Amino acid sequence: METNPSHTSSDLEHAPYTLLPDNPSPARIRRPFKVFTATLASLVFLLSLVALIINQSQESLPEQNQNRSSSTPRPTESFSKAEPRGVAQGVSPKSNPSFFSDKVSYNWTNAMFSWQRTAYHFQPEKNWMNGPLFHEGWYHLFYQYNPDSAVWGNITWGHAVSTDLIHWLYLPFAMVPDHWYDINGVWTGAATLLPDGRIMMLYTGSTNESVQVQNLAYPANLSDPLLIDWVKYPNNPVITPPNGTETDEFRDPTTAWMGPDGTWRITIGSRHNKSIGLSLVYQTSNFTTFELLKGVLHAVPGTGMWECVDFYPVAINGSTGLDTSASGAGIKHVLKASLDDTKRDHYAIGVYDPVTDKWTPDNPKEDVGIGLQVDYGRYYASKTFYDQNKQRRILWGWINETDTETDDLAKGWASVQTIPRNVLYDNKTGTNILQWPVEEVESLRLRSTDFTEIVVGPGSVVPLDIGQATQLDIFAEFEIEIISETKHEKYGCSGGAVDRSALGPFGLLVLADQTLSELTPIFFRPVNTTEGIVDTYFCADETRSSKASDVFKHVYGSTVPVFTDEKFQMRLLVDHSIVESFAQGGRRVITSM
């Protein structure tokens, strides 16, 4: 087999976050130094050496688990024998305490810690890091934040604004835990923009007795484009756990949508009988009084507690996003849940009945929690919002740490947001959403390097000299030539890049040093099946991403549909220690660090 890739990489501009100036004005964007042609479909940020890999020899990478499976790998993560932070408070810690230790896991230096910190992904200046919206020319990001430490706790709402979703200004805290109904944390929430311009923010608060309730807040001054001051409704909470619902398993209200009767609906995640994940539906006309509707929006046995539920429409034949209240012909609805048991975000596409307020998946075998994931890597607690400014649906996700908690405390910060992604329905498959970095990322491009017609033989590694760069946007296309008959193979991603098959792996090595002692392979692996067809896996291998022994390292991946008229395509956004990998135009995404 031979691989003939066409590869483009581009250095990206450092995109710093700054404190709000005395007289704020829209952030200025430094323009790229050269014009890009249409063949530069996308860009990212990267580091040091990038190399192509195909059928990498087992001498080049460490020996790994050789168990092979033709099914999509669904690895389990053992975070810790000790109870993670947050569990005692009845909420997912949304962190990765994979190891607890009284000392750092590696001989880290300040320079090493500084290098790990991202440049164009959003993260606070320090410490541990819900309802995004667009208002009066500014994008607003509200995020869970611990102002006191780089670990989970004392959850407050941080607030940042941007004119382009890339360059951010820090604002004062939007909300802090200062009332009995949220004294144990201002948790996840969502904003709803009303037709008259008002903004209603519903959020989960943990009470003085650790009961999860839903509260209302709204801007003190709508004429302020920065929405600096927020008012909590005097009669909070507006929703309390219904009978039969565990008081610590009732959280994360969604953006509201308008029903055919002219009233608003929201949905809230919960569970029943310890294992049935579900989404409750509430109805309101004023956002201060709510009625629990009969039944549930949807429920899936065996999926456990549903956190951060998201529910939104997508157009079957369309290139723009839809307002959350959109419904009718030509529209499907995406239902997404973050599974507290597995720390993974799952979604499914289906049909919503606005009269009965029930949602039905198109394919019950690929239902929420048992089928597709939003992202197959280090990714959780995602949330979308409708950007009325550009008629698009934007997806945010949260990347948790692979470092130990002790290391987080040593470096002084933890966790980061993904690059905002545009979400569309995949007309070609009819079963997937497509996720793609927002177009504003392209404003960071400074220079580009093109590599074409590179032939990579089996077992070879070809260095690509791109000079020095810590942020990259890489777009690569591969064509393969099968030069021998192959039989049915049982391969997947679980064996990593060293697990060789007749048709792969092939892809890219990123974050690699000159000796390849540290590297992160992002690769495709086509596999022959008993039906005489080829399944393709898209994978990210972290097993040699760091020399630190206690850093959590895993192999992530999934099958990805590749049609006969398509080349194998990947786009990688590299930002210091973060790699966001997009396959086949965003049918599959893997975030690694």
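Residues numbered from 1 in each chain as written. Predicted model: local features only at pLDDT ≥ 70, side-chain atom pairs only at ≥ 80, totals over all residues. Heavy atoms only, no water.

**So, the sheet that holds strand β13 (residues 230-232)**
- Read across the open sheet, the 4 strands follow the order β10-β11-β12-β13; overall the sheet is antiparallel. Among the strands making up the open sheet, the edge pair consists of β10 (186-193) and β13. In this sheet, neighbouring strand axes are inclined to one another by 30° on average, regardless of whether the strands run parallel or antiparallel.
- The pairing of strand β12 (residues 212-219) with β13 spans 3 bridges and is classified as antiparallel. When the sheet's bridge partners are listed, P219 is paired in β13 with W230. (Pairing = 2+ DSSP bridges. Helix = DSSP H or I, 4+ residues; strand = E, 2+ residues; numbered from the N terminus. Axes fitted to C-alpha atoms, helices over the stretch in contact; angles between N-to-C directions.)

**A few points about the pairing of β10**
- For β10, the buried fraction is high: 7 of the 8 residues fall into the buried class.
- Taken together, the 6 bridges between β10 and strand β11 (residues 199-206) define a ladder with antiparallel strand orientation. Note that in β11 the partner of V186 across the bridge is G205.
- The turn linking β10 back onto β11 is made up of 5 residues, and G197 within it adopts a positive phi angle of 100°. (Buried < 20%, exposed > 50% of the residue type's maximum accessible area, 1.4 Å probe, protein only.)

**What to know about the packing of aromatic side chains**
- Inspection of the entire model under this criterion finds 20 aromatic pairs.
- For the ring pair F506 and F524, a centre distance of 6.0 Å and an interplane angle of 40° mean the geometry is tilted. Separated by 18 residues along the polypeptide, F506 in strand β34 (residues 506-512) and F524 in strand β35 (residues 520-528) bring together distant segments of the chain.
- Under the relative-accessibility criterion, F506 is labelled buried at 1%.
- Overall, the relative accessible area of 0% leaves F524 in the buried class.
- Ring pairing ties together the aromatic residues F478, F506, F524, F538 and F568, which thus form one cluster. (Phe/Tyr/Trp six-rings, centres within 6.5 Å; stacked < 30°, edge-to-face > 60°.)

**Focus on the side chain of R588**
- Along the polypeptide, R588 turns up in strand β40 (residues 588-592).
- Among buried Asp, Glu, Lys and Arg side chains, R588 stands out as unpaired, with E366 the closest opposite charge at 6.7 Å.
- Within the local environment of R588, its side chain forms a polar contact with the side chain of N432, the two groups lying 2.6 Å apart.
- For R588, the side chain forms a polar contact with the side chain of S558, separated by 3.1 Å. (Lys, Arg positive; Asp, Glu negative; His and termini not counted. Salt bridge = Lys/Arg side-chain N within 4 Å of Asp/Glu carboxyl O. Polar contact = N/O pair within 3.5 Å; in protein donor to acceptor, adjacent residues only side chain to side chain.)

**A look at the sheet that holds strand β20 (residues 306-315)**
- A sheet is described by the order of its strands in space; here 4 strands give the open sequence β20-β21-β22-β23, paired in antiparallel fashion. Across the chains shown, the open sheet's two edge strands, defined by having one partner strand only, are β20 and β23 (358-361). Between one strand and the next, the sheet's axes are offset by a mean angle of 40°, whatever the strand orientation.
- Pairing geometry for strand β22 (residues 344-353) and β23, over 4 bridges, is antiparallel. Paired with V351 across the bridge in β23 is T360.

**With respect to the state of the cysteines**
- Taken as a whole and judged by the stated rule, the model has 1 disulfide.
- Two residues, C493 and C539, share a disulfide whose sulfurs are 2.0 Å apart. Because the torsion about its S-S bond is -70°, the bridge between C493 and C539 counts as left-handed. Taken together, the residues C493 in the loop between β33 (480-481) and β34 and C539 in strand β36 (residues 534-541) connect sequence positions 46 residues apart. Of the two residues, C493 and C539, both sit in the buried class. (Disulfide = S-S within 2.5 Å.)

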